[in-house]
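Take a look at the letters that make up each chain.
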Amino acid sequence: MSARLLRRVLQERETAPQDPAAAAAAAAEVEREEEEEASPPRVAARNPFDLLDEEEEEEEEKEDEVYSEQPVSYNEQKHSVNKKPGNAVPETNKKSKKKKKKSKADKQVSTKSRDEKSLDSILEDLSIEKKPMQQRVNQNERASGKEIEIDETTPGTSSILSIDPKHLKAENEMRRIFGSKVVDSLENQRNVPSSSTSRLRGVRRVAHNPRKTLLVTPSSYWPPWDKSMSMDIVETKSGFNYFRYIYDPSVSHVQDLFEVAKSANDLNAIAAILAKYPYHPESLLTFAELFKYSGEHQSSADAVEKCLFALECAWHPLFSPLHSNCQLKYSHDTNKPFFTALFSHMKNLDRRGCHRSALEVCKFLLSLDSDDPKGALFCIDYFALRSQQYKWLEQFAEEYQCDNSLWLFPNFSFSLAIARFYVERDATNGEASDHSDKSTSVDLMKQALMLHPLVLRKIVDKAPLKDSSWTQILRNVFFGSAKPGSPSLEHMISIYVERHYIMWRFPELQNLLKDAALLVIESLKQDNREAQDWACVRKEAFSSDKNEYSHLLVSDFSDTTPSLPPEELRPFMVAPGMAHEMPPAEQELGIEVRPRAPREVAGRNPALVFLESLLPWVDYGDNHHDENDQNNDD
């Protein structure tokens, strides 16, 4: 007799009344079961994996026996044993399998619910609350000795600046425009390094498999990331996490070397830095500008993407463009290369015709710092119009929080009228529209011209609009003698015209602008006081006597890039294999390196001095000493 059956018989004898006949019948039943177990069963062809299921069921039965509080009668136990024999396979094989699977699923559900209840009860007993990842990270930062200001309030999710990751990369948009085959062939050509570069290197380029990133797609021949930078949480305030880039202590001297090379205008030294540290952000951005002015736009874009790849690899685990609570202040010097790289990448996407990807990058750039140090607010409407995101642009103008209302800005006042024009056109083509209670596109364009009349004359000159009717319109006093009113507004109008003038080459928009301008002239003939009212609004909105946007260059928003002749660029171009070796060990240890001494100009040929002054590394000093000597002589 097996131990399990013996234990059942003993339990039955203890609980049941003493009946000799029943005891004898029970003993006979037990002996019969033993004989059945001892006899070799008929083994049929079966799936070997069913043995695993049977072992799990036996383990569950044992657990039920151990944890059961009330004793079970012998007849019930016998019925359960006969229902599930150890090795025999019943005749109704399909039905038994269905029942077995169903009972197993019920047991799993009951076990799962029991575990969840027990876990909840344990958490209740211990009074442990589920803390978000942000609070756990703050605890770790506090344990490491960092003082972080914590505010329990969490910001609401900003839907207008939420980023769609599938639109971040230009390759995805180009596949939708040109097809996958064309883009894949171009990518394969791009990932193969040129033979001239390989010969200059003197070694065979080895293809790596870089990590995947959100912003750019790294090329296969890029070197692995050197982990020279990382990101740290500065503080947590008002539900926002403020981050900052930091250099690894082992490569902190590289930035000093770059500053010395930059002060001396020595591109060879910067190329030497990239030869040893290929992911130094500011060196990559320097050569990106050099390639741009030399007309090598693809090389410039590659340098910017390489910089973004390195900076994205250094992101903190809590930092992501998909989160709405990440802030990266431009005031930290180590954060500035990321803003510059994002802005340059956005312009490169626009040059390639990937306007939707440029819009996503612009939203990311605007969400990083509310102060908008790169002027993303002055081109986000342009990318929204070029990518046909008209309804999103109207929603953005309504929900985005700014010091002034966005429709007062020159770019938004005209762009919102254009967006409404296309929404109305889509509604006439059969698409549903819920803008019946809002102003029409002609009314919005009329308001924009009344608020910023100077824009019309600049658009006609920049586009250019050569129709004779524009000459008649500009002869009107309101448009012909229009003045900006403040330096800030004049600078904003110049940025708008430089960025958006290409939109006014579409004939339908020219007709919209013309109709609105004629309506303005007719309304001013009836009541001239309306112009004074709009002038008061303009003066109140932009009342500063200083140019608040002087840090934004108009050329940064232009599609045209000035190029230099090759003979002037030849002294600055450095081949990868001809870069100078790294500076001596004294410089790498952080010892101060003085720039080249100023050259003397007294007694030399003026023409030669002039040609020499064109070289960026030539320094003639300043004339402070001469001025002091003259003052002393006086």
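These figures come from a predicted structure and were not determined experimentally. (Residues numbered from 1 in each chain as written. Predicted model: local features only at pLDDT ≥ 70, side-chain atom pairs only at ≥ 80, totals over all residues. Heavy atoms only, no water.)

A. Representation of the overall build of the chain in the model. In terms of helices and strands, the chain carries 29 helices and 3 strands. A buried classification covers 37% of the 634 residues belonging to the chain. If you take every contact in the chain between residues at least 6 apart in sequence, the share linking residues at least 24 apart comes to 72%. With the model as given, the accessible surface of the chain reaches about 38100 Å², and the carbon-plus-sulfur share is 51%. (Helix = DSSP H or I, 4+ residues; strand = E, 2+ residues; numbered from the N terminus. Buried < 20%, exposed > 50% of the residue type's maximum accessible area, 1.4 Å probe, protein only. Contact = heavy atoms within 4.5 Å. Areas by Shrake-Rupley, 256 points an atom, 1.4 Å probe, with all protein chains shown as cover.)

B. Quick peek at helix α10 (residues 252-263). Taken residue by residue, α10 has His253, Val254, Gln255, Leu257, Phe258 and Ala261 as its buried positions. A positive phi of about 55 degrees marks Asn265, the residue just after α10.

C. How the structure looks around helix α20 (residues 454-462). Where α20 is concerned, the buried positions are Leu454, Val455, Leu456, Ile459 and Val460. Here the buried face of α20 lies against α18 (410-428), α19 (441-451), α21 (468-474), α22 (477-480), α23 (487-500) and α24 (507-526).

D. Structural context of the packing of helix α11 (residues 267-276) against helix α12 (residues 281-293). Look at α11 against α12: their axes get within 9 Å of each other, and the N-to-C directions meet at 125 degrees. The orientation of α11 relative to α12 falls into the category oblique. Crossing hand, α11 versus α12: left-handed. Residue-level inspection shows Leu267, Ile270, Ala271, Ile273 and Leu274 of α11 in contact with α12, the latter providing Ser283, Leu284, Thr286, Phe287 and Leu290. Across the contact of α11 with α12, the residue classes break down as 8 nonpolar, 2 polar and no charged. (Axes fitted to C-alpha atoms, helices over the stretch in contact; angles between N-to-C directions. Parallel < 35°, antiparallel > 145°, perpendicular 65-115°, else oblique. Left-handed = near helix turned anticlockwise from the far one by under 90°. Nonpolar A, V, L, I, M, F, W, Y, C, P; charged D, E, K, R; others polar.)

E. The nonpolar core, seen in detail. Residues Phe338, Phe396, Leu456 and Phe479 are the most contacted members of the largest nonpolar core, which totals 133 residues. If you tally residues by element for this core, the top one is α18, at 9 residues. The residues that make up this core include at least three from each of domain 1 (157-184 + 208-373) and domain 2 (388-429 + 436-570). (Core = buried A, V, L, I, M, F, W, Y, C linked by side-chain atoms within 4.5 Å. Domains from an automatic or database assignment.)

F. Region of interest: the pattern of salt bridges. Counted by the stated rule, this structure contains 13 salt bridges. For Asp350, the salt bridge is made with Arg499, and the minimal N-O distance between the two is 3.1 Å. Taken together, the residues span a long stretch of sequence, with Asp350 in helix α14 (residues 336-351) and Arg499 in helix α23 at a distance of 149 residues. When sorted by exposure, Asp350 lands in the same class as Arg499, which is buried. (Salt bridge = Lys/Arg side-chain N within 4 Å of Asp/Glu carboxyl O.)

G. Quick look at the packing of α18 against α23. Contact geometry for α18 and α23: axes closest at 8 Å, N-to-C directions at 45 degrees. With respect to α23, the axis of α18 lies oblique. Between α18, through Pro410, Asn411, Phe414 and Ser415, and α23, the contact on the second element is made entirely by Leu489, Met492, Ile493, Tyr496 and His500. Split into classes, the residues belonging to the contact of α18 with α23 amount to 6 nonpolar, 3 polar and no charged.

H. Summary view of the pairing of strand β2 (residues 240-247). Note that strand β1 (residues 229-237) and β2 share 8 bridges and pair antiparallel. Bridge assignment links Glu235 to a residue of β2, and that residue is Tyr242. Bridging between β2 and strand β3 (residues 326-328) involves 3 bridges; their strand directions are parallel. Each residue of the ladder has a partner; that of Tyr242, found in β3, is Gln327. (Pairing = 2+ DSSP bridges.)

I. Region of the structure containing the packing of aromatic side chains. Enumeration over the complete set of coordinates arrives at 25 aromatic pairs. For the ring pair Tyr279 and Phe309, a centre distance of 5.8 Å and an interplane angle of 55 degrees mean the geometry is tilted. Linking Tyr279 in the loop between α11 and α12 with Phe309 in helix α13 (residues 297-313), this pair joins segments that are 30 residues apart in sequence. Ring geometry for Tyr330 against Phe339: centres 5.3 Å apart, planes inclined by 90 degrees, an arrangement best described as edge-to-face. (Phe/Tyr/Trp six-rings, centres within 6.5 Å; stacked < 30°, edge-to-face > 60°.)

J. Focus on the sheet that holds β2. The 3 strands lie next to each other as β1-β2-β3, forming an open sheet whose pairing is mixed. Both edges of this open sheet fall to β1 and β3, since each of them pairs with a single strand only. Sheet twist, expressed as the average angle between the axes of neighbouring strands with direction ignored, equals 35 degrees.

K. Examining unusual backbone geometry more closely. Cis peptide bonds are those with omega within 30 degrees of zero, and the linkage from Ala463 to Pro464 qualifies with -10 degrees. Its identity as a non-glycine residue notwithstanding, Asp372 has a phi of 50 degrees, on the positive side. Residue position: Asp372 is located in the loop between α15 (355-368) and α16 (380-386). For Gln388, which is not glycine, the phi dihedral falls at a positive 65 degrees. Mapped onto the secondary structure, Gln388 falls in the loop between α16 and α17 (390-399).

L. Summary view of the environment of Trp222. Within the secondary structure, Trp222 is located in the loop between α9 (195-201) and β1. In this structure the C-alpha to C-alpha distance between Trp222 and Tyr279, which are 57 residues apart in sequence, comes to 10.0 Å.

M. Geometry of the side chain of Lys306. With respect to the helices, strands and loops of the structure, Lys306 is situated in helix α13. Within the buried set, Lys306 has no salt-bridge partner at all; the shortest N-O distance to an opposite charge, 9.4 Å, is to Asp226. With sequence-adjacent residues up to four places away left out, Lys306 is seen in contact with Trp222, Pro223, Pro278, Tyr279 and Leu284. (Lys, Arg positive; Asp, Glu negative; His and termini not counted.)

N. Region of the structure containing a nonpolar patch on the surface. A cluster of nonpolar residues, Ile177, Phe178 and Val182, forms a patch on the protein surface that exposes about 290 Å² of accessible area. Structurally, the position occupied by Val182 is in helix α8 (residues 180-191). (Patch = residues over 30% accessible without salt bridge, like charges linked within 9 Å, V, L, I, M, F, W, Y side chains within 5 Å.)

O. Representation of the confidence of the model for the chain. On average, the chain scores 74 in pLDDT, and the residues at 70 or more come to 59%. Looking across the chain, the model is least confident in α9, with a mean pLDDT of 39, and most confident in α16, with 97. Confidence drops under pLDDT 50 across residues 62-105; counting only partners more than four residues distant or on other chains, this segment forms 29 contacts. Predicted confidence is poor over residues 122-157, with pLDDT under 50, and the contacts of this stretch with residues over four places away or in other chains come to 40 contacts. (pLDDT = per-residue confidence, 0-100.)

P. Focus on the environment of Glu548. Along the chain, Glu548 falls in the loop between α25 (529-541) and α26 (566-569). Measuring from C-alpha to C-alpha, the distance between Glu548 and His491 comes to 8.9 Å, with 57 residues separating the pair along the chain. At 3.5 Å, the side chain of Glu548 forms a polar contact with the side chain of Ser544. (Polar contact = N/O pair within 3.5 Å; in protein donor to acceptor, adjacent residues only side chain to side chain.)

Q. Looking closely at the side chain of Ser283. Within the secondary structure layout, Ser283 lies in helix α12. Filtering out sequence-adjacent residues up to four positions away, Ser283 remains in contact with Phe258, Ile270, Ile273 and Leu274.

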